[in-house]
Amino acid sequence: MTSDTPRGMSYQQFRITVSGPFKDALVQKLAHVGSLGLIENDDHLVAYFPDAVPVVTIIRELHIMKAVLEASGHELTFEHALIPDRDWNESWKKGFTPLDVGERFTILPPWERTKPGRINLIIDPGMAFGTGHHETTRSCLVLMERHAGRTALGRFLDLGTGTGLLAIAAAKIGYASVLAIDTDPLTVDAAKKNCALNSAADVDVREGDLSVVDGTFDMITANLFSVLLIELAPAIASRLNRGGIAVLSGMLREQADAVLTAMNKAGLRSLEKLDDGKWTSLAVKLK
Ligand code: SAH
């Protein structure tokens, strides 16, 4: 998005403060209304909208959400500013600086220099989720690198790939064949571009859910949300090789037990549970 932003366009920037548990619902709502990008900070988030989205629509949605939250004793506040075209790239870029994750990874945007001695994952923070600025993405990388040594470096599946970050990381740590799927067509485009940026063109990026996938895998990553993880537990189990490991994320801490129960029922057992902020991630394998 940074490179092919049409000239002469301005952007609406919203700085929004919301109680923690509602942040994800808000992020989804903003994406639905047409947000082009989001930067999540500890106590607030900043969302950008193209001029084409009427500002009244955004403000109306925020007012609705504010009213709903206030009815249950929670707060939402926001302020809004128009960013002229000439400032756009700079204000966007400021939110994305290189980030070291786990033992070996560095995530960086294309305009930064790669770090020697690290596995550099170059991500253009376009429209998709997964710039590494979210705890769940980082936890997936940490669990992937910790457990990759326990699996054959054969087939890898990233279920819900977003920017493609985890699939690119898998290719770079040596998985022989990497498949990345996502139900969102915009995301699939972003992931393909990011694979090209990382010289990871052999990552197979496909639009769709698990039905577009054949066979079983040595490692599966699924950074989704708890309800979907619970629903997909049997499918994930059936897609693992004996000895294969699934890295699951996107559940809130208090949802981890329910996800684990579903995984146990599906024949999986926990290898590791990793908490980061309000989020939990799990590494599981067949019993
Ligand atoms: N893997 C990235 C992105 C996670 S966001 C990361 O860890 O940062 C979750 C992604 O899953 C979204 O891009 C969403 O479009 C996709 N998704 C949601 N449900 C899905 C499903 N049933 N099958 C495939 N992808 C799905």
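Per chain, residue numbering runs from 1 following the sequence as it is written. Owing to the predicted nature of the model, reporting of local features is limited to residues with pLDDT of at least 70; listing and counting of side-chain atom pairs is limited to 80 or more, with chain, interface and lining totals taken over all residues. Side-chain descriptors were evaluated using all non-hydrogen atoms of the structure, hydrogens and water having been removed beforehand.

Draft legend 1. View of the overall build of the chain. Each helix is a run of H or I in the DSSP string that is no shorter than four residues. Each strand is a run of E no shorter than two, and both are numbered from the N terminus. Counting its secondary structure elements, the chain contains eight helices and 14 strands. Seen through its C-alpha atoms, the chain measures out along the principal axes to roughly 55 × 45 × 30 Å. Relative accessibility under 20% of the residue-type maximum defines a buried residue, over 50% an exposed one, and the middle range a partly exposed one, all with a 1.4 Å probe and only protein chains included. By the burial criterion, 50% of the 287 residues in the chain qualify as buried. In this description, contact between two residues means that some pair of their heavy atoms is separated by no more than 4.5 Å. For the chain, the proportion of contacts with a sequence separation of at least 24, taken over those separated by at least 6, is 64%. Working convention for charge: Lys and Arg count positive, Asp and Glu count negative, and His plus the chain ends are omitted. In plain terms, the charge of a residue is placed at NZ if it is Lys, CZ if Arg, CG if Asp and CD if Glu. For the chain, the centre of its 30 positive side-chain charges and the centre of its 35 negative side-chain charges are spaced 5 Å apart.

Draft legend 2. Expanded view of the pairing of strand S8 (residues 155–159). The buried fraction of S8 is high, at four of five residues. Relative to strand S9 (residues 177–182), S8 runs parallel, the two being bridged by five bridges. Pairing of Phe-156 across the sheet is with Val-178, part of S9. Whether a crossover is right-handed comes down to one check: with the strands pointing away from the viewer, does the path from the first strand over the helix to the second run clockwise; if it does, it is right-handed. Crossover handedness for the path S8 to helix H5 (residues 165–173) to S9: right-handed. Strands are labelled as partners when DSSP assigns at least two bridges between them.

Draft legend 3. Focus on the pairing of S9. Counting buried positions over the six residues of S9 gives five, a clear majority of the element. Sheet topology note: the S9/strand S10 (residues 204–207) ladder contains four bridges and is parallel. Within the sheet, the bridge partner assigned to Ile-181 lies in S10 and is Arg-206. For the handedness criterion, the β-α-β arrangement of S9, helix H6 (residues 185–197) and S10 is classed as right-handed.

Draft legend 4. Just the sheet that holds strand S4 (residues 76–83), in detail. The antiparallel open sheet is built from four strands, whose spatial order is S2-S3-S1-S4. Every interior strand has two partners, whereas the edge strands, strand S2 (37–40) and S4, have only one. Each neighbouring strand pair of the sheet contributes to a mean axis angle of 20°, computed without reference to strand direction. The sheet contacts of helix H1 (residues 23–33) involve strand S1 (11–18), S2, strand S3 (45–50) and S4, and relative to S3 the element is tilted by about 10°. Where helix H2 (residues 55–71) meets the sheet, it contacts S1, S3 and S4, and its direction lies at approximately 170° from that of S4. In this analysis an axis means a line fitted to C-alpha atoms, helices contributing only their contacting stretch, and an angle means the value between N-to-C directions, from 0 to 180 degrees.

Draft legend 5. Broad picture of the packing of aromatic side chains. By convention, a stacked pair of Phe, Tyr or Trp rings (six-membered ring in the case of Trp) has centres within 6.5 Å and planes under 30 degrees apart, an edge-to-face pair has planes over 60 apart, and any other such pair is tilted. A full pass over the atoms with the stated rule returns three aromatic pairs. A centroid spacing of 6.1 Å and a plane angle of 45° characterise the contact between Phe-14 and Phe-78, whose relative ring orientation is tilted. Within this pair, whereas Phe-14 is found in strand S1, its partner Phe-78 is found in strand S4, the two being separated by 64 residues in sequence. Looking at Phe-14, the relative accessible area reads 0%, which means it is buried. Judged by relative accessible area, Phe-78 falls into the partly exposed class, the value being 23%.

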